[in-house]
Amino acid sequence: MNSVLNVGVVGCGYWGPNLIRNFRALSGCRLKFICDRDEARLRHLKTLYPEVEATTRFEQLIECKSLDAIVVATPVGTHHNLALASLRAGKHTFVEKPLARSVAECEDLIRESTQRSLTLMVGHTFLYSPVVRRIKEIVDRGDIGDIRYIASRRLNLGLYQKDINVTWDLAPHDISIILYILEETPLSVNCRGSAHVTPGVEDVTSLNLEFRRQRTAQIHSSWLDPRKVREMTIVGSMRMIVYDDVAPHEKLRIFDTRVETPPHYDTFAEFHYSYHYGDVYAPYIKQEEPLKVECQHFLDCIRSGSQPLSGGRQALEMVRILEASTASLKNQGAPILLTPPAEPFAQDTKSGNGKLRSGSGSHGGNGGAKNGSAHRGKSHPAVAGATAH
């Protein structure tokens, strides 16, 4: 394999320019192509990146023998066909979330990438956030006790989509974080919502996931809210975590708060709940752009042959939940039972050496991390540089 990987990005609309910027900046990577149907967009991007070849023909990327990888950042309805063509042309393929419109389409892409020994990765960007990785470390160490429930809100005014509802657009971020933290898939899904602006396209939804051991997760998504809210609360039996992604500082706060029941009592009169109110502390976390880490991880997985942290299997479980949410919406919020995956949900590795080379993010602070230690997940790629100082 060449020391420099040639990459092409198809889709230069809302998110594509961010991918273009990051891949162009990475060492060991040459951004060779940008592709979009909108010639005006291409002309604008050419003024920023004059050395990159611009084309309106996706076939030009497919036919280029020196192109190693294709990045797909187009509307969801086009993901399957573009990614399948990329894989069949022998290109490693990165697809923005969600991977495809259905479980069947995801399985098709996974099968194609496996048969051809190609890297297939999906853009679950928050898994590469230093804050989310720190949360994972805290939970895995048992610092907050047993997780009881997770509640998430992802709200803003727009951006309205025409081909998918707000659950398919915004909830994948929260679902990916929840599955990453819990390391299991839900038993059932139910979803309720309303379409206030575009008939048939829900712009406000409430998604509920039921897990084993009576654990639940609730996700509130909206394109019709006056404020931008990106907040997740993780309630444990010993402590609680609040993650506010739009906070300029202290994005992660840990509350030493819990409810306790008396261990022994003889009569109901002796039964009293005890409410523990302790300190609130915010561990220092070195910030790095998650998208940059994600793009680097894609290149590293191509070189090493390791499965990505957000590979095809993780994308498949995501779409399985999204499909169930749609079925529930059509049935007035009735719960939809999910078939358990063939194997326990976890991040796979081919060779065990896939790493996040930068942005692992657990640096310093007073969040209860032991100096010189960091969680190494047994089933997902190890985190280089996650040592707390």
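Residues numbered from 1 in each chain as written. Predicted model: local features only at pLDDT ≥ 70, side-chain atom pairs only at ≥ 80, totals over all residues. Heavy atoms only, no water.

1. Things to note about the environment of Glu260
This is how it is decided: Elements are defined by DSSP. Helices are runs of H or I of four residues or more, strands are runs of E of two residues or more, and each kind is numbered from the N terminus. For each residue, the accessible area found with a 1.4 Å probe, counting protein chains only, is set against the maximum for its type, and the residue is called buried under 20%, exposed over 50%, and partly exposed in between.
Tracing the sequence through the fold places Glu260 in strand E13 (residues 252-260). Judged by its relative accessible area of 32%, Glu260 is partly exposed. Taking C-alpha positions, Glu260 is 6.3 Å from Tyr275, a pair spaced 15 residues apart along the chain.

2. Here's the deal with helix H1 (residues 16-25)
Note the following rule: Note on contacts: a residue pair is in contact if any heavy atoms of the two residues lie within 4.5 Å.
Taken together, the buried positions of H1 are Gly16, Pro17, Leu19, Ile20, Asn22 and Phe23. Packing partners of the buried residues in H1 comprise strand E1 (5-10), strand E2 (29-35), helix H2 (39-48), strand E4 (69-72), strand E5 (92-96) and helix H8 (290-304).

3. Regarding the sheet that holds strand E12 (residues 240-244)
Stated precisely, the cut-off is as follows: Only strands that DSSP links by at least two bridges are regarded as paired with each other. Each axis is a line fitted through C-alpha atoms, and for a helix only the stretch in contact is used; angles between axes span 0 to 180 degrees, taken between their N-to-C directions.
If you walk across this open sheet you meet the 9 strands as E14-E13-E12-E11-E7-E10-E9-E8-E15, and the pairing is mixed. Looking at strand neighbours, the two that pair on one side only are strand E14 (274-281) and strand E15 (336-337), the edges of this open sheet. Pairing between E13 and E14: 6 bridges, direction antiparallel. Among the inter-strand pairings, Glu260 is bridged to a residue of E14, identified as Ser274. Strands strand E7 (147-157), strand E11 (224-236), E12 and E13 of the sheet are contacted by helix H6 (residues 130-140), whose axis makes an angle of about 175° with E12. Running at roughly 155° to strand E10 (residues 216-222), helix H7 (residues 166-182) makes contact with E7, strand E8 (188-194), strand E9 (204-210), E10, E11 and E12 of the sheet.

4. Describing the sheet that holds strand E6 (residues 120-123)
A sheet is described by the order of its strands in space; here 6 strands give the open sequence E3-E2-E1-E4-E5-E6, paired in parallel fashion. Both edges of this open sheet fall to strand E3 (53-55) and E6, since each of them pairs with a single strand only. Taking the axes of each pair of neighbouring strands and ignoring which way they run, one obtains an average angle of 20° across the sheet. Pairing between E1 and E2: 6 bridges, direction parallel. Bridge pairing links Val7 to Leu31 in E2.

5. Brief notes about the nonpolar core
The cut-off we apply is this: We define a nonpolar core as any set of buried Ala, Val, Leu, Ile, Met, Phe, Trp, Tyr and Cys residues linked to one another through side-chain atoms lying within 4.5 Å.
Ranked by internal contacts, the top residues of the largest apolar core, which has 95 residues, are Phe23, Ile135, Ile175, Ile234, Ile241 and Phe298. The element that contributes the greatest number of residues to this core is H7, accounting for 9 residues. Once residues within four sequence positions are removed from consideration, Phe23 is found in contact with Val7, Cys29, Val71, Cys295, Phe298 and Leu299.

6. Focus on the packing of aromatic side chains
This is how it is decided: Two rings belonging to Phe, Tyr or Trp (six-membered ring only in the last case) form a pair when the distance between their centres is within 6.5 Å. Interplanar angles under 30 degrees mark stacking, angles over 60 mark edge-to-face geometry, and anything in between is tilted. Placement of a positive charge over a ring is assigned whenever Lys NZ or Arg CZ falls within 6 Å of the ring centre and within 35 degrees of the normal to the ring plane.
Scanning all chains against the criterion turns up 5 aromatic pairs. For the pair Tyr14 and Trp15, a centre-to-centre distance of 6.3 Å together with 40° between the ring planes defines the contact as tilted. Owing to a relative accessible area of 65%, Tyr14 belongs among the exposed residues under this scheme. What makes Trp15 partly exposed here is its relative accessible area of 28%. On the numbers, 6.3 Å between centres and 80° between planes, the contact of Phe23 with Phe298 is edge-to-face. Of this pair, Phe23 sits in helix H1 while Phe298 is found in helix H8, placing the two residues 275 residues apart along the sequence. Just as Phe23 is buried, Phe298 falls in that class too. What links up through ring pairs into an aromatic cluster is the set Phe23, Phe94 and Phe298. In this structure, Lys136 packs its charged tip against the face of Tyr180, placed 5.3 Å from the ring centre.

7. Description of the pairing of E8
Both faces of the sheet carry side chains from a regular strand, because those side chains alternate between them. Bridge analysis of E8 against E9 gives 7 bridges, and the strand direction is antiparallel. The residue bridging Asn190 from the neighbouring strand is Asn208, located in E9. Note: E8 against E15, 2 bridges, orientation antiparallel. Residue pairing for E15: Ser188 is matched across the bridge by Leu337.

8. Side note on the confidence of the model for the protein chain
Short version of the rule: Residue-level confidence of the predictor is summarised by pLDDT, bounded by 0 at the bottom and 100 at the top.
Summing up the model confidence of the protein chain, the mean pLDDT is 88 and the portion of residues at 70 or higher is 85%. Counting interchain partners and residues more than four positions distant, the pLDDT-below-50 stretch residues 348-354 has 20 contacts. The model gives residues 359-389 a pLDDT under 50, and that stretch makes 93 contacts with residues more than four places away or in other chains.

9. Quick look at the packing of helix H5 (residues 103-115) against helix H9 (residues 312-330)
As a reminder, the rule being used: Angles are sorted into four bins: roughly parallel if under 35 degrees, roughly antiparallel if over 145, roughly perpendicular if 65 to 115, and oblique for all others. Residues are grouped as follows: Ala, Val, Leu, Ile, Met, Phe, Trp, Tyr, Cys and Pro are nonpolar; Asp, Glu, Lys and Arg are charged; all remaining types, including Gly, are polar.
At a closest axis distance of 9 Å, the pairing of H5 and H9 adopts a crossing angle of 170°. By the angle class used here, H5 and H9 are roughly antiparallel. Residues Val103, Cys106, Glu107 and Ile110 of H5 touch H9, and the partners they reach there are Gly312, Arg313, Ala315, Leu316, Val319, Arg320 and Glu323. Residues of the contact of H5 with H9, tallied by class, amount to 6 nonpolar, 1 polar and 4 charged.

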